[in-house]
Amino acid sequence: MKKISNKSMKENTLKLNKIALKATEKSILKAIHTGENLQEISSKKLKATFRFTAKKQDNFFNSLEQGKEMIWKNLNKTLDFFSKH
Amino acid sequence: MTTKKSNKTNKIGKAKAIFKKLNNDLIDASFNAIETTVKTGEKWQKLTTKLVKKTEPLTKKQISMVVETAESIKGQLEHSTARLKTLVGYDPKMMQNAKKMVTKNPLVEKAEELKEKFEKEVSNNKLVKKAEKMSKKLKKNISSTINEAKEKIEDYTENAMDSVSEKMEKKTPKKTKKNKVVKKEAVVIEKKEEKEEKVLANIQVTETEVLDNLKVIKGIGPVLEKSLNELNITAYDQIAKMTIADLTDLLNNAGINAQIYDLSGWKAQAELALNGDMEAVKNWGKE
């Protein structure tokens, strides 16, 4: 049987406290690290989607403008035809 | 004696020393406990501050990400609106000028004046006023005729109910119990119904191949003529042979309310039509 002395009690509590501190520090640091990684990934994905939507929008408007030009050309042609005949 | 006294003093001194030691130990232990708790608390505090500092860049990054997304959405919206404007050819100044041109155009002003004039003329026109009055009168007449018809139907039903109840009262004996009265009433109603059925059965219409224009008779319209034809009444001869009671029974039996029609002149008109005096039939009621 070991003797429970004043010194041993103090040492044991300090040891336990050290262990608890280290464990909590480790776990929280890991959580922060994973959070950072996730954030980076999500930001990258968001940027990519925004670029994609911007491109799509440009394409859409380009096609609309092309259609408009075609219609105007045809209209002018028909108007010329009717004015001549 | 002296030895005894010295022993006692020794014992007291030893006990005092033990108590002192115990007290000192307790004080030391409590001091140690307080010291350790303070130290551990300090350590935990340090750790929390350290971790909070480490999370700060993460929160900053999150905020910047949200702001960036909002900015990119705003930029895309602006870009799309600008392109739409160019596509449609929208020019705000042009639109304002066009609006002004339209509103201040003398032709538009004239058109509005003309419209107001037309509206006034239409509202003041005698024919329009007459038409409005006529429509009001028609509405009143229609509502009054509907009300009259309703009242007539209600009166007819009330009279019929009263006559039935009077006849029941006459037939039932005065000094009887309530249950007996009810039973007898039921018997009387059954007998009446039987009689009515017999009467309806007696009205037999002989079918003929003659197809006369029954609409000549006053009160017979195209709808009633159809329903009469369905009851095998197609000739003047058939109507001339029937009494008013027969006619009412026939119509009621066919689900047509005979009370609405004035059957009093049907027989005479049918006889006149049979004799070929169509003018008299046409002028029926005018004289």
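Note that this is a predicted model, so its numbers are computed, not measured. (Residues numbered from 1 in each chain as written. Chains lettered and ligands numbered in written order. Predicted model: local features only at pLDDT ≥ 70, side-chain atom pairs only at ≥ 80, totals over all residues.)

Visitor: Lay out the overall build of chain B in plain terms, naming residues and giving numbers.
Guide: Within chain B one finds 10 helices and 0 strands. Shown N-terminal to C-terminal, the secondary structure of chain B runs as helices and strands in the order α-α-α-α-α-α-α-α-α-α. Burial status across chain B gives 6% buried among its 287 residues. Summarising the internal contacts of chain B: among those between residues at least 6 apart in sequence, 58% fall at separations of at least 24. (Helix = DSSP H or I, 4+ residues; strand = E, 2+ residues; numbered from the N terminus. Buried ≥ 20, exposed ≤ 12 C-beta atoms within 10 Å, placed from the backbone. Contact = placed C-beta atoms within 7 Å.)

Visitor: Provide a residue-level description of the nonpolar core, including the pertinent values.
Guide: Residues and elements named next belong to chain B. Among the nonpolar cores identified, the biggest contains 14 residues, and I217, Y236, I239, W266, A270, A273 and V281 are the most heavily contacted of them. At 4 residues, helix α9 (residues 266-275) tops the list of elements feeding residues into this core. In this view, Y236 contacts D212, A270, A273 and L274; residues no more than four positions away in its chain are not counted. (Core = buried A, V, L, I, M, F, W, Y, C linked by C-beta atoms within 7 Å.)

Visitor: Help me get a handle on the confidence of the model for chain B, residues and values and all.
Guide: Residue and element names in this part refer to chain B. Chain-level statistics for chain B give a pLDDT mean of 82 and a share of 87% at 70 or above. When pLDDT is averaged over each helix and strand of chain B, the minimum, 56, is found for helix α5 (residues 178-202) and the maximum, 90, for helix α1 (residues 2-88). Model confidence for the complex: the whole-complex pTM is 0.41, and ipTM, which rates the interface, is 0.77. (pLDDT = per-residue confidence, 0-100.)

Visitor: Mind laying out α9 of chain B, listing which residues take part and the relevant values?
Guide: Since there are 3.6 residues in each turn of an α-helix, residues three or four apart along the chain are aligned in direction. Residues and elements named next belong to chain B. Within α9, burial applies to W266, Q269, A270, L272 and A273. Buried residues along α9 cover an arc of 160 degrees about the axis, so they all sit on one side. Summarising the contacts, the buried residues of α9 are in contact with α7 (236-241), α8 (244-253) and α10 (278-282). One or two positions beyond α9, positive phi appears at G276, with a value near 90 degrees. (Arc of directions from axis to C-beta.)

Visitor: Can you tell me about the interface of chain A and chain B, naming the residues and giving the values?
Guide: Counting from both sides, the interface comprises 24 residues of chain A and, opposite them, 21 residues of chain B. Looking at side-chain class alone, the side of chain A that touches chain B contains 10 nonpolar, 9 polar and 5 charged residues. (Nonpolar A, V, L, I, M, F, W, Y, C, P; charged D, E, K, R; others polar.)

Visitor: Go over the environment of Y261 of chain B with me, naming the residues and quoting the values.
Guide: All names here are of chain B. Locating Y261 in the fold gives a position in the loop between α8 and α9. The class for Y261 is partly exposed, based on 17 C-beta atoms found within 10 Å. Taking the C-alpha atoms as reference points, Y261 and T248, 13 residues apart in sequence, are found 9.2 Å from one another.

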